[in-house]
Amino acid sequence: MKTYEFKDYLKRTFYHPSTNIEFPNGRLKAFSRHVISRLWDMQEFKVGDKTYSNDEIRYMLSERMMPEHLDSAIKIFVRLNRKFGLEILMYLIILCVINEDGLMKLLAEYDLKYPNKNSKGGAA
């Protein structure tokens, strides 16, 4: 995906006016957009023991990242009480993309193994 296509995709998917409710304020929304643009341009970024190349970062941002990943990263960032920690938010975004898939798989496996029945006998 070319940069201009990615920026248009971001605007339509992650920063559409209907997403305003997901951001505590306009300043954080603009900051997160800046952070994602910076990530897109980075040659590499290290998360834990793994260093991701520019191609890997771009693949994660354009093909794997969902609005829920950004929402989770923003919520964690706000709870950490950081206003403009560029690298912190970058780290959280990548972390949410790579880890939430694994977490969702574990939750699904758990739910299959230990069904949570509600009072009507169906799954909760």
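Read on for an overview of the structure. Predicted, not measured: the structure shown is a model, and the values here were computed from it.

Rules and cut-offs
- Residues numbered from 1 in each chain as written.
- Predicted model: local features only at pLDDT ≥ 70, side-chain atom pairs only at ≥ 80, totals over all residues.
- Heavy atoms only, no water.
- Salt bridge = Lys/Arg side-chain N within 4 Å of Asp/Glu carboxyl O.
- Helix = DSSP H or I, 4+ residues; strand = E, 2+ residues; numbered from the N terminus.
- Buried < 20%, exposed > 50% of the residue type's maximum accessible area, 1.4 Å probe, protein only.
- Phe/Tyr/Trp six-rings, centres within 6.5 Å; stacked < 30°, edge-to-face > 60°.
- Lys NZ or Arg CZ within 6 Å of the ring centre and 35° of its normal.
- Expected span 1.5 Å × (residues − 1).
- Polar contact = N/O pair within 3.5 Å; in protein donor to acceptor, adjacent residues only side chain to side chain.
- Axes fitted to C-alpha atoms, helices over the stretch in contact; angles between N-to-C directions.
- Parallel < 35°, antiparallel > 145°, perpendicular 65-115°, else oblique.
- Left-handed = near helix turned anticlockwise from the far one by under 90°.
- Contact = heavy atoms within 4.5 Å.
- Nonpolar A, V, L, I, M, F, W, Y, C, P; charged D, E, K, R; others polar.

**A word on the pattern of salt bridges**
Right, so step 1: In this structure the tally under the stated criterion is three salt bridges.
Right, so step 2: For Arg12, the salt bridge identified is with Asp8, shortest N-O distance 3.0 Å. Note that Arg12 and Asp8 are positioned in helix H1 (residues 3-13) at a spacing of four residues, about one turn of the helix.
Right, so step 3: What makes Asp8 partly exposed here is its relative accessible area of 38%.

**Some remarks on the packing of aromatic side chains**
Right, so step 1: The tally for this structure, following the rule as stated, stands at six aromatic pairs.
Right, so step 2: Between the aromatic rings of Phe6 and Trp40, the centroid separation amounts to 3.9 Å while the plane-to-plane angle is 5°, which identifies the pairing as stacked. Placement of the pair is Phe6 in helix H1 and Trp40 in helix H2 (residues 26-41), with a sequence separation of 34 residues. Taken as a pair, Phe6 and Trp40 share a single burial class, namely buried.
Right, so step 3: Sitting over the ring of Tyr52, Lys50 keeps its end group 4.9 Å from the ring centre.

**Here we look at H2**
Right, so step 1: If you check H2, its first and last C-alpha atoms are 23 Å apart, about what 16 residues at 1.5 Å a residue would give, namely 22 Å.
Right, so step 2: Every buried residue of H2 is listed here: Leu28, Lys29, Phe31, Ser32, Val35, Ile36, Ser37, Leu39 and Trp40.
Right, so step 3: The N-cap of H2, judged by a side-chain oxygen 3.1 Å from the amide nitrogen of Arg27 a few residues on, is Asn25.

**Describing the packing of H1 against H2**
The geometry of a pair of packed helices is captured by two quantities: the angle between their axes and the separation between those axes.
Right, so step 1: Contact pair H1 / H2: the axes reach a minimum separation of 12 Å and the direction vectors enclose 155°. Considering the angle they form, H1 stands roughly antiparallel to H2. Between H1 and H2 lies a crossing of right-handed hand. Note on element contacts: H2 touches H1 through Arg33, Ile36, Ser37 and Trp40, opposite Thr3, Phe6, Lys7, Leu10 and Lys11.
Right, so step 2: Residue composition of the contact of H1 with H2, by class: four nonpolar, two polar and three charged.

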